[in-house]
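Take a look at the letters that make up each chain.
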Number of protein chains: 4
Amino acid sequence: MTESVHGVQAEGIDTDDVTIAYIGGGSREWAPKLFRDLALSDLSGEVRLHDIDHESAERNAEFGNWVQNRDEVQADWEYEAVADRDEALAGADVVILSTQYNPAETFVHDLDIPKDHGIYGAVAATIGPGGIFRAMRTIPVYREFAASIREQCPDAWVFNFTNPVHFVTRALYDEYPDINAVGFCHEVLWTRHHLTKIVEEELGEEAERSDISVNVKGINHFTWIEEARYKGRDLWPLLEDLVDTDRANREFTPEDLEDDSPFTDKQQVTWELFRRFGVLPAAGDRHIVEYATSFLVGGKEGLNRWGVKRTTSDYRAKHWNPAESDQTTNVEAWMDGDREFELYHSNEIFDDMVAALGGEDTMVANVNMPNEGQVTDIEDGAVVETNAVIREGEIKPTTAGGFPRPVRSMINGHVDTIEAIIEASRTGDVDEAFAGFLLDQQVRTLQTEEAHEMFAELVAAEEEYLQDWDLEGSSVLAEADAYDG
Amino acid sequence: MTESVHGVQAEGIDTDDVTIAYIGGGSREWAPKLFRDLALSDLSGEVRLHDIDHESAERNAEFGNWVQNRDEVQADWEYEAVADRDEALAGADVVILSTQYNPAETFVHDLDIPKDHGIYGAVAATIGPGGIFRAMRTIPVYREFAASIREQCPDAWVFNFTNPVHFVTRALYDEYPDINAVGFCHEVLWTRHHLTKIVEEELGEEAERSDISVNVKGINHFTWIEEARYKGRDLWPLLEDLVDTDRANREFTPEDLEDDSPFTDKQQVTWELFRRFGVLPAAGDRHIVEYATSFLVGGKEGLNRWGVKRTTSDYRAKHWNPAESDQTTNVEAWMDGDREFELYHSNEIFDDMVAALGGEDTMVANVNMPNEGQVTDIEDGAVVETNAVIREGEIKPTTAGGFPRPVRSMINGHVDTIEAIIEASRTGDVDEAFAGFLLDQQVRTLQTEEAHEMFAELVAAEEEYLQDWDLEGSSVLAEADAYDG
Amino acid sequence: MTESVHGVQAEGIDTDDVTIAYIGGGSREWAPKLFRDLALSDLSGEVRLHDIDHESAERNAEFGNWVQNRDEVQADWEYEAVADRDEALAGADVVILSTQYNPAETFVHDLDIPKDHGIYGAVAATIGPGGIFRAMRTIPVYREFAASIREQCPDAWVFNFTNPVHFVTRALYDEYPDINAVGFCHEVLWTRHHLTKIVEEELGEEAERSDISVNVKGINHFTWIEEARYKGRDLWPLLEDLVDTDRANREFTPEDLEDDSPFTDKQQVTWELFRRFGVLPAAGDRHIVEYATSFLVGGKEGLNRWGVKRTTSDYRAKHWNPAESDQTTNVEAWMDGDREFELYHSNEIFDDMVAALGGEDTMVANVNMPNEGQVTDIEDGAVVETNAVIREGEIKPTTAGGFPRPVRSMINGHVDTIEAIIEASRTGDVDEAFAGFLLDQQVRTLQTEEAHEMFAELVAAEEEYLQDWDLEGSSVLAEADAYDG
Amino acid sequence: MTESVHGVQAEGIDTDDVTIAYIGGGSREWAPKLFRDLALSDLSGEVRLHDIDHESAERNAEFGNWVQNRDEVQADWEYEAVADRDEALAGADVVILSTQYNPAETFVHDLDIPKDHGIYGAVAATIGPGGIFRAMRTIPVYREFAASIREQCPDAWVFNFTNPVHFVTRALYDEYPDINAVGFCHEVLWTRHHLTKIVEEELGEEAERSDISVNVKGINHFTWIEEARYKGRDLWPLLEDLVDTDRANREFTPEDLEDDSPFTDKQQVTWELFRRFGVLPAAGDRHIVEYATSFLVGGKEGLNRWGVKRTTSDYRAKHWNPAESDQTTNVEAWMDGDREFELYHSNEIFDDMVAALGGEDTMVANVNMPNEGQVTDIEDGAVVETNAVIREGEIKPTTAGGFPRPVRSMINGHVDTIEAIIEASRTGDVDEAFAGFLLDQQVRTLQTEEAHEMFAELVAAEEEYLQDWDLEGSSVLAEADAYDG
């Protein structure tokens, strides 16, 4: 085949013999879910777990094989921890990318340093000063991954789950333009889930997520819907009625939210944006506010008024350590019999997608891929999120159309930041990265000199993770007080 | 929903109660197939047959209901002939458009007049001087259809089968931009069928059309493939080998073809274009040569050398009259018991598509819709053919990428002709249409004055069918000898 | 001629008999300069002065004719005050548009209301909340002007000097696409003047503005230079050296600026942007900060640090009354002999441009016209500022290329605001205008609800001037406390 | 300066000390004119004449210096023949490129071989099979020139006069994107001259070429005008009247033309195209028919009917030899006193352009430069012809707008051929070049196999001049009978 279409062509997958390379396979969160889903899937094969923390990969391999020994298992899988990345990748059909640095050394700075300068990001993980620094740490690593994939398994299907999904997926393509990579994220699934709630509450019908179809478009965590159907029925008139009801007009104080989880979505930002611009955001409010940045103004009170609660750096630091977190999964407890193990499917769609690539049921899912027409008026090559059809041997995005001008304008502002950082990362040019940083909508609420200092402080705090950048050659850093090389 | 995306939005279809309005429902060719497919489908409902020749619609209604009385029938359908077009359309879920003028008064001139000037089109039905005149006759009628649909069933799914599919589908959108219209054609299905033959002969495997997936793109009858897979396996290396074998290097003389049907596809044009440009044409050679016009040079001998045989005007005139044609179906013979009736499915996918729109299995099929990103470097709004995903409540084209420059250049030349004629049809400006006519690649092989005379002769011969055009106001016609108003 | 090229075609001007219609001809600032320049020009003809304040037009007509009676006069001009606008325009060769509302009832609110919400714009006249409201007041009036010009003098050359130049020039084209309108502004002339100072101080040569040529591009008041030459010699290496010197690294306190005029340009914003983005802003810092909005953060202190001083609402209110202002000209004093009159040329280029259109020396000047290729990556039709060649019968912009991504991103953000307001103005839709208002980079520093209230307060304060907008139909206003209809 | 704008930046020229490198400086046609023009110009300096035929360069140097000794000379110039190309270029301010191969070994084949296949090109020098082969011979040489210029005089102004101007100028930019190259041609000057004739004959006024201004756009030799003014007065209504008169409706037989020069322009093609498409071609009919190829159909008779006469290969072969040609100039006769020498200006504008670049009068002239916005709907980077403003240190094209669709379609077809050949020339890929060759509108009138043979015959005939192409690696040539490697 010729090579002009992105992320699409590649050999089919033999569903009876799938080789999966899982980079970041020591994960305590998603891996245990995946293993159970695979055990209940129509697929069989082998999973190679690779992690910088090799012990965690070994633990997961043990757990994966343990799962395979449960009675209810329907599929045949073997798990192995592989210390060498290239070995793990060699000849793989599918590559999973899902990694994260120790948040205590990285993420906490992304949250705290901007906060000291008055930037009160809700998540600080995908855009804004913190998101940009996460990108700056992550992009060089993913360039390496892409280069290894080109060598070891050039036709593999690459599923990227690592944030910031738009930056990271873009970096994979920038390094290896013929990669078959797709970025995935749960947020749109959640939006469809929210719509089932609306159907149930307003229409009195029992709905499932699969009954809801949407035309989604945008960039990851800043996606929008301009069509939503429940079993083929147009939900738009219903949404337009609801925007004037109490459901869409709630206000909150910090006290109201005191006991709430930051992950509970009140959707008041969603409704406000729908009211102003006529299309519906399709991600949790905590993500949307990072991109529609006026909602961040006024710090805690400003943010809370919309029902959005910031995840703190304390929380993030703890989340890493399974002993202290409830987002991670203690697989040892299961294996040791300290906790009862149940085998059920997670409602994730990874195994369905691999099966579709192997010739099972054709399906539609939202994916992050370089724009080559799916979205109007965003530059070609920028990684956008839209629906795609997944079937034997291909993942092809569908054309999703354009945006109302104000929405397009906000999206393009962020695309400019993302592309500027990607361009800077080609040579590791810190000054060029700083020019992109200055574009960020959160950063622009600071005076240019304060933005300069904040940038230098972030570099100083995370220097160890920024060694692929030319820190020494930077005049931006040389001028700054906060960084002394 | 907002309205920025084409042909996509609309209410779902209730598969137990589908109302189909069939304009051109007196057809002797496709209608009898359709009725049998519906009888074996998962759908039930009502079909309203409308035809200018009302008697033929009545005959088909009778036949449709007769089919429903066969034993093997699995679905519940009622057929009715409706004399008033608006009544037929009122509230329809699905509209089928499939009409044709009496070829003895129209098509024969499309074939004979250009031939007198040395233009030896193989089909003369979708491009070239004959195709343009078919378009000029048809576009005004389809503007009327679109206007009626806007009034009677604005959200209906409109399936257009009428040629020239690109001109006609474009006219529907030009008249009613929010129409949910899709143009369909069999050629790509045939290409996939040909690929199954290659798989069988070269790989020794038994293949079905559904095992072959392709990334198709272009304009109708001038579509191209840059990926082809058999059960997920890349067929490209095989095709690249075959191009050097005898299969792809055959020559023919007029004598060789004497007894062949013009509908037998030797595929030598297909291979030659693949050899030169690296992508594979995805339509029968007889259609392709109308667009890659050097194959037409040299008249009968030139065309035959590639194994392509022209359909004659005699053949076309006869084809209209069921008594003399074997392409039409004598349903009376079945009903009268003069011929044994068998109920089997035709391998067409119309009923599958309607079922998918109603919530059954998601599927991918090639469709003709306005370009809004599916194809790179062809203007927005031009009707292009690509794959689309069809599922509950939507038909969304997938992004298909671009073309090698020479292929793109040929396509764009034809797009310019098509768009020029569409623009001229807005006001019925004959001189503007003539400027578009002069662009046509077949017409350009004539001196400009001969093209002028040929144009005037065609108008003179088909004047009765061109009454929506401003013939009187045309200075091109006034200047011409061949037309005297 | 065909009509596909903007603002370019039209009949030539007879330099011996030019008819100028001057809308806003009662001006006390520019008109007296113009009359003297005309008196010293190579042109002769008639000037029709039209003003809502007819008396001021009469006073200026008297003054114009008085000037013509001075000894040193070289050209033959007659001045007449014309009360009826259409009569003033009828058959004019050249139209000057230069109007302003009473600032005490308008401009002061543009300055004070945003300031109450913490937005400390330096000028508040062309972008930001104040600039947008000026646009909302002005656009409907200029739509009327465009409609009158279409009727009275469709081929006239229209010179627009009214701010916001980008909004207003865009409105003229939106209303009458074939208008030959050009927006003019002094800022780029000042930039070239500043470059002469640099040449004198750094190169020790005596330079004149006409020795400096630049490649300018952007939108009015946010224009950029990527080439600058002194007598053909590249100034870029010099500028790159200077950015590291004291000249380009000065800081200011509010005290430092206490006695300075707000119109004195310290150029520290210019240098900082050049340092970060590699291209040189080509407007006064006080205008640039309205578009590169981080310089506005921190109120007075933040702004003053860069040497920029805000013009106050008090100043603006006074400026209207000649008795209290020194920017306006007391022509009565001259005519009464209370002040000595000197006839000299102002260094403006209006008369040179008219002469060039009439066949005198071909020249290059910066102009604001709809983008049709002069600037890359800004949407077609948006009014951009670039150089143009002016010669007999034409004003044609030159191609100026593109921008570094961060600069382009900032410009496009403002283009989106401008276009959104223009689109809203077509129907007077206030809610659509508010969506555009929310896009503004200054407004985005407020929480969305505060932006909402500020918008309503501005409407309430300037309601009298916003009667062409559908205030009653607005749900944005209905929801707001600050506006009670 | 940054480098994003083409052919524009560079140091100024000192008009008292201009260094010109003239590649192809042994010319017998244009060089003698140039020397006289320089002698009468406002410029002084040195001309380095370089030619493969060094003797001819020496003869011209001698003649140049001889001219300088005439009494009437107003400027100070020295001429020198330089055998080494790099030495000639070193530090030059201006480079003239004007070369041609021996037509007896090249051009004659471009004319005769296609003619044998029924392609009756009028000139065969810039497009069509002959033009493409001229391009294939010339592009590699001009890539070398561009590389030398990058080394020897990177900022020089490069004036390319060599045909095919669009191919050759494009090749210069493809090799060295920052080159300051401009392609020049006389055709538009002739069109303006023709318009002076119309003004004189129809309006009874004495006009000069400089009184006529036009908005020109297209590709070289296929340029179009959509505005024409005489002293600022719109000529369009006059042209629209004339198209119906005898002037625009003449027919010719071969006999009528028997004694005419092929260089006499009857303009009947021009009028016919104006009639059909509403814009006026701006090149001689003999060039236009090579691009609007239906005028070539029917061989001699077809072409002659429009008053166009082909230049024969005999003529071209002779033209090379001064003894037999009257287009070349016998400078020896002047120097020897055998022929009286007169010093007058040629009406060429080369010296005016160099003077403008050096700071003399700003002027407008038509130039060929890469599209970066000057022309709408032609791809960026393709070399287009439009007006440009020329002033101290810059040549900047003006924005010229778009085309009626049919004209744009014809132009884009040729742009595709040109770009395909340029792309093929990057690696010398003959098969890729053949794919571009097949696109050519003249070639498309042949059956694909005949086109194949013609291509191979042309390669065989001109093989010596095609050594930079990978002839051996070509499967197109390997398949062909006419070429045996």
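Residues numbered from 1 in each chain as written. Chains lettered and ligands numbered in written order. Predicted model: local features only at pLDDT ≥ 70, side-chain atom pairs only at ≥ 80, totals over all residues. Heavy atoms only, no water.

Draft legend 1. Spatial organisation of the arrangement of the chains. Kept free of each other, chain B and chain C leave a smallest C-alpha distance of 15 Å between them. Between chain A and chain D there is no contact, and the shortest C-alpha to C-alpha distance separating them is 15 Å. (Contact = heavy atoms within 4.5 Å.)

Draft legend 2. The arrangement of the relation of the copies chain C and chain D in detail. Of the transformation placing chain C onto chain D, the axial shift is 0.0 Å and the rotation is 180°, giving an RMSD of 0.0 Å. In short, the pair behaves as if placed about a two-fold rotation axis. The overlap is high: 100% of the interface residues of chain C also sit at the interface in chain D, so the same surface is used on both sides. (Least-squares fit on C-alpha atoms with pLDDT ≥ 70 in both.)

Draft legend 3. Geometry of the relation of the copies chain B and chain A. When chain B is fitted to chain A, the best match, at an RMSD of 0.0 Å, comes from turning it 180° and sliding it 0.0 Å along the axis. A shared binding surface is used by both copies, with 100% of the interface residues of chain B retained as interface residues in chain A.

Draft legend 4. Just unusual backbone geometry, in detail. Of the consecutive residues B:Asn163 and B:Pro164, the connecting peptide bond is found in the cis state with omega at -5°. Structurally, the position occupied by B:Pro164 is in the loop between strand 5 (157-160) and helix 6 (165-175). Unlike most non-glycine residues, B:Gln267 shows phi in positive territory, near 65°. With respect to the secondary-structure elements, B:Gln267 resides in the loop between helix 9 (254-257) and helix 10 (268-277). At D:Asn347, a residue that is not glycine, the phi angle is positive and equals roughly 80°. Inspection of the secondary structure puts D:Asn347 in the loop between helix 14 (331-335) and helix 15 (350-357). (Helix = DSSP H or I, 4+ residues; strand = E, 2+ residues; numbered from the N terminus.)

Draft legend 5. Region of interest: the confidence of the model for chain A. On average, chain A scores 94 in pLDDT, and the residues at 70 or more come to 96%. This prediction of the complex comes with two scores: 0.95 for pTM and 0.94 for ipTM. (pLDDT = per-residue confidence, 0-100.)

Draft legend 6. The arrangement of the environment of B:Gly128 in detail. Residues and elements named next belong to chain B. Tracing the chain through its elements places Gly128 in helix 5 (residues 128-152). Assessed through its relative accessible area of 0%, Gly128 is described here as buried. For the pair Gly128 and Thr293, spaced 165 residues apart in the sequence, the C-alpha separation amounts to 9.0 Å. Those residues in contact with Gly128 that sit more than four places away from it in its chain are Asp440 and Gln442. (Buried < 20%, exposed > 50% of the residue type's maximum accessible area, 1.4 Å probe, protein only.)

Draft legend 7. Layout of the interface of chain C and chain D. With 43 residues of chain C at the contact, the number on the chain D side is 43 residues. Our enumeration of links across chain C and chain D arrives at four salt bridges. In this structure, D:Lys396 engages C:Glu227 in a salt bridge whose closest nitrogen and oxygen atoms are separated by 3.2 Å. For the interface between chain C and chain D, the tally reads ten residue pairs in polar contact (both at pLDDT 80 or more). Of all the secondary structure elements, the ones that give two or more residues to the side of chain C that touches chain D are strand 7 (212-219), strand 8 (222-230), strand 9 (233-234), strand 12 (383-391) and strand 13 (394-397) of chain C. (Salt bridge = Lys/Arg side-chain N within 4 Å of Asp/Glu carboxyl O. Polar contact = N/O pair within 3.5 Å; in protein donor to acceptor, adjacent residues only side chain to side chain.)

Draft legend 8. A look at the packing of aromatic side chains. Within the structure shown, the criterion is met by 104 aromatic pairs over all chains. Ring plane angle 85° and centroid distance 5.8 Å describe the contact between A:Trp30 and A:Phe350, whose orientation is recorded as edge-to-face. One end of the pair, A:Trp30, is in helix 1 (residues 30-39); the other, A:Phe350, is in helix 15 (residues 350-357), with 320 residues separating them in the sequence. Look at A:Trp30 and you get buried, because its relative accessible area is 10%. Assessed through its relative accessible area of 3%, A:Phe350 is described here as buried. Arranged with centres 5.9 Å apart and planes meeting at 20°, the rings of D:Phe63 and D:Trp66 form a pair that is stacked. One end of the pair, D:Phe63, and the other, D:Trp66, are both in helix 2 (residues 54-68), three residues apart, so they sit about a helical turn from each other. The same class applies to D:Phe63 as to D:Trp66, namely buried. Among the aromatic residues, those joined into a cluster by ring pairs are A:Tyr22, A:Trp30, A:Phe159, A:Phe161, A:Phe184 and A:Phe350. The ring of A:Tyr344 carries the charged tip of A:Arg36 above its face, separated from the ring centre by 5.4 Å. (Phe/Tyr/Trp six-rings, centres within 6.5 Å; stacked < 30°, edge-to-face > 60°. Lys NZ or Arg CZ within 6 Å of the ring centre and 35° of its normal.)

Draft legend 9. Region of the structure containing the interface of chain B and chain A. Taken together, the contacts link 43 residues of chain B with 43 residues of chain A. Between chain B and chain A lies a buried interface of about 3,400 Å² when both sides are counted; carbon and sulfur atoms form 48% of it. Taken together, the connections running from chain B to chain A amount to four salt bridges. Between chain B and chain A we count twelve residue pairs in polar contact (both at pLDDT 80 or more) in total. Of all the elements in the fold, those that place two or more residues in the side of chain B that touches chain A are strand 7 (212-219), strand 8 (222-230), strand 9 (233-234), strand 12 (383-391) and strand 13 (394-397) of chain B. Its residues assigned to classes, the side of chain B that touches chain A comprises twelve nonpolar, 18 polar and 13 charged. (Buried area = accessible area lost by both parts, 1.4 Å probe. Nonpolar A, V, L, I, M, F, W, Y, C, P; charged D, E, K, R; others polar.)

Draft legend 10. A look at helix 7 (residues 187-203) of chain C. All names here are of chain C. Here helix 7 is 17 residues long and its end C-alpha atoms lie 24 Å apart, about the 24 Å a rise of 1.5 Å per residue gives. All buried positions along helix 7 are accounted for by Glu187, Val188, Leu189, Thr191, Arg192, His194, Leu195, Thr196, Ile198 and Val199. Backbone geometry just downstream of helix 7 places Gly204 in the positive-phi region, at approximately 70°. (Expected span 1.5 Å × (residues − 1).)

Draft legend 11. Fine view of the pairing of strand 6 (residues 180-183) of chain C. Residue and element names in this part refer to chain C. Of the two faces of strand 6, the one holding Asn180 and Val182 and the one holding Ala181 and Gly183 are both buried throughout. For strand 5 (residues 157-160) and strand 6, the ladder comprises four bridges, and the chain directions are parallel. Counterpart to Phe159 in the pairing with strand 6 is Val182. Chirality of the crossover, the property in question, places the unit of strand 5, helix 6 (residues 165-175) and strand 6 among those that are right-handed. (Pairing = 2+ DSSP bridges. Right-handed = clockwise from strand over helix to strand, strands pointing away.)

Draft legend 12. Region of the structure containing helix 4 (residues 107-116) of chain D. All names here are of chain D. The set of residues buried in helix 4 consists of Phe107, Val108, Asp110, Leu111, Ile113 and Pro114. On its buried face, helix 4 is in contact with helix 5 (128-152), helix 13 (313-319) and helix 18 (448-462). In the segment just after helix 4, Gly118 is the residue with positive phi, at about 90°.

Draft legend 13. Region of the structure containing the pairing of strand 8 (residues 222-230) of chain A. Residues and elements named next belong to chain A. Along strand 8, nine of the nine residues are buried, which leaves the element largely enclosed by surrounding structure. Strand direction decides the pairing type here: strand 7 (residues 212-219) and strand 8, joined by seven bridges, are antiparallel. Residue Val214 lies in a different strand from strand 8, and its bridge partner there is Ala228. As consecutive antiparallel partners, strand 7 and strand 8 are separated by two residues, and within that stretch His221 has a phi angle of approximately 70°, a positive value. Bridge count for strand 8 against strand 10 (residues 280-281) is two bridges, and the pairing is antiparallel. Counted as the bridge partner of Ile225 is Leu280 from strand 10. With antiparallel pairing between neighbouring strands as the criterion, strand 8 and strand 9 (residues 233-234) make up a hairpin whose turn holds two residues, including Lys231 at a positive phi of roughly 45°.

Draft legend 14. A look at the packing of helix 5 (residues 128-152) of chain A against helix 18 (residues 448-462) of chain A. Residues and elements named next belong to chain A. Running from amino to carboxyl end, helix 5 crosses helix 18 at an angle of 45°, the nearest separation of the two axes being 11 Å. When the axes of helix 5 and helix 18 are compared, the pair comes out oblique. Both helix 5 and helix 18 take part in a crossing whose hand is right-handed. Where helix 5 abuts helix 18, its residues Pro129, Phe133, Met136 and Arg137 lie against Met454, Phe455, Leu458, Val459 and Glu462. A class-by-class count of the residues in the contact of helix 5 with helix 18 yields seven nonpolar, no polar and two charged. (Axes fitted to C-alpha atoms, helices over the stretch in contact; angles between N-to-C directions. Parallel < 35°, antiparallel > 145°, perpendicular 65-115°, else oblique. Left-handed = near helix turned anticlockwise from the far one by under 90°.)

Draft legend 15. Broad picture of the pattern of salt bridges. The full count for this structure, using the stated rule, is 124 salt bridges over all chains. For D:Glu394, the salt bridge is made with C:Arg229, and the minimal N-O distance between the two is 2.4 Å. Pair noted here: D:Glu394 is in strand 13 (residues 394-397) and C:Arg229 is in strand 8, and the two residues belong to different chains. Linked by salt bridges that have partners in common, A:Arg143, A:Arg150, A:Arg170, A:Asp174, A:Glu175, A:Glu419 and A:Arg426 make up one network.

Draft legend 16. Region of the structure containing the side chain of A:Ser213. As for its position among the elements, A:Ser213 is in strand 7. A residue is classified by how much of its surface remains accessible, and A:Ser213, at 9% relative accessible area, is buried. Apart from residues no more than four positions distant in its own chain, A:Ser213 is found in contact with A:Glu227, A:Ala228, A:Arg229, B:Arg391 and B:Glu392.

Draft legend 17. Structural detail: the environment of C:Arg408. Here C:Arg408 lies in helix 16 (residues 405-427). According to the relative accessible area criterion, C:Arg408 is buried, its value standing at 14%. Expressed as a C-alpha distance, the spacing of C:Arg408 and C:Asp380, which sit 28 residues apart in the sequence, is 14 Å. With residues near it in sequence (within four places) discarded, C:Arg408 still touches A:Glu379, A:Asp416, C:Asp377 and C:Phe403.

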